[in-house]
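Below are the chains, spelled out letter by letter.
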Amino acid sequence: MTSREPGPADDGRVEIKDNPDGRFYELRYGDQSVGLLVYETAGSRRVLTHTTIREEYRGRGWSKLLIRFALDDLAAKGTTITNYCPVVDRFIEENPGYKQLIDSDHPGSWGRSGG
């Protein structure tokens, strides 16, 4: 028997922000940095390189929350993406409405594995 660990929607201590100087979106829970979605800038595109969640927070939906926030933020800004992060690939496969953000001239690894 396992106990349920707190997840991202359990209370209001979740904060996600873009840090353009550091080139990452950061998910914080209270005073803890839980995860990052790291990117580079290429013209008007964001090149998503990797997503990481601290080990003790994995398996609770934190990466999906972080990725959804980042993609929604980029969509609101009219920014396209080039993706090299397999976690983002899986997220977009499960949420195909985000495929429109992928830059068709520079998709990155998107589509190479049937995405």
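Structure: above.
Residues numbered from 1 in each chain as written. Predicted model: local features only at pLDDT ≥ 70, side-chain atom pairs only at ≥ 80, totals over all residues. Heavy atoms only, no water.

Observations regarding the environment of D18
Mapping D18 onto the fold places it in strand β1 (residues 14–19). A polar contact of 2.5 Å, which involves the side chain of D18, links it to the side chain of Y39. A distance of 3.4 Å separates the side chain of D18 from the side chain of K77, its partner in a polar contact. (Helix = DSSP H or I, 4+ residues; strand = E, 2+ residues; numbered from the N terminus. Polar contact = N/O pair within 3.5 Å; in protein donor to acceptor, adjacent residues only side chain to side chain.)

Regarding the pattern of salt bridges
Taken as a whole and judged by the stated rule, the model has seven salt bridges. Two residues, D18 and K77, come together in a salt bridge whose shortest N-O distance is 3.4 Å. With D18 in strand β1 and K77 in the loop between α1 (62–76) and β5 (81–83), this pair connects stretches of sequence that are 59 residues apart. Across the salt bridge formed by R23 and E40, the nearest N and O atoms sit 3.1 Å from each other. One end of the pair, R23, is in the loop between β1 and β2 (24–29); the other, E40, is in strand β3 (residues 32–42), and 17 residues separate them in sequence. The exposure class of R23 is partly exposed, given its relative accessible area of 36%. A single network of salt bridges, built from pairs that share partners, joins D18, D73 and K77. (Salt bridge = Lys/Arg side-chain N within 4 Å of Asp/Glu carboxyl O. Buried < 20%, exposed > 50% of the residue type's maximum accessible area, 1.4 Å probe, protein only.)

Looking at the side chain of R45
Tracing the chain through its elements places R45 in strand β4 (residues 45–53). A polar side-chain atom of R45 sits 2.6 Å from a polar atom in the side chain of T82. If sequence neighbours within four positions are ignored, R45 has contacts with E40, T79, T80, T82, D103 and H106. (Contact = heavy atoms within 4.5 Å.)

Considering helix α2 (residues 86–94)
Listed as buried for α2 are V88, D89, F91 and I92. Taken end-on, α2 shows its buried residues confined to a sector of 165°, consistent with a single buried face. Structurally, α2 contributes buried residues whose contacts are with β3, β4, α1 and β5. (Arc of directions from axis to C-beta.)

Details of the pairing of β3
Looking at chain direction, β2 and β3 are connected through six bridges and run antiparallel. Paired with R28 across the bridge in β3 is S33. From the end of β2 to the start of β3, which pair antiparallel, there are two residues, and G30 there has a positive phi angle of about 65°. (Pairing = 2+ DSSP bridges.)

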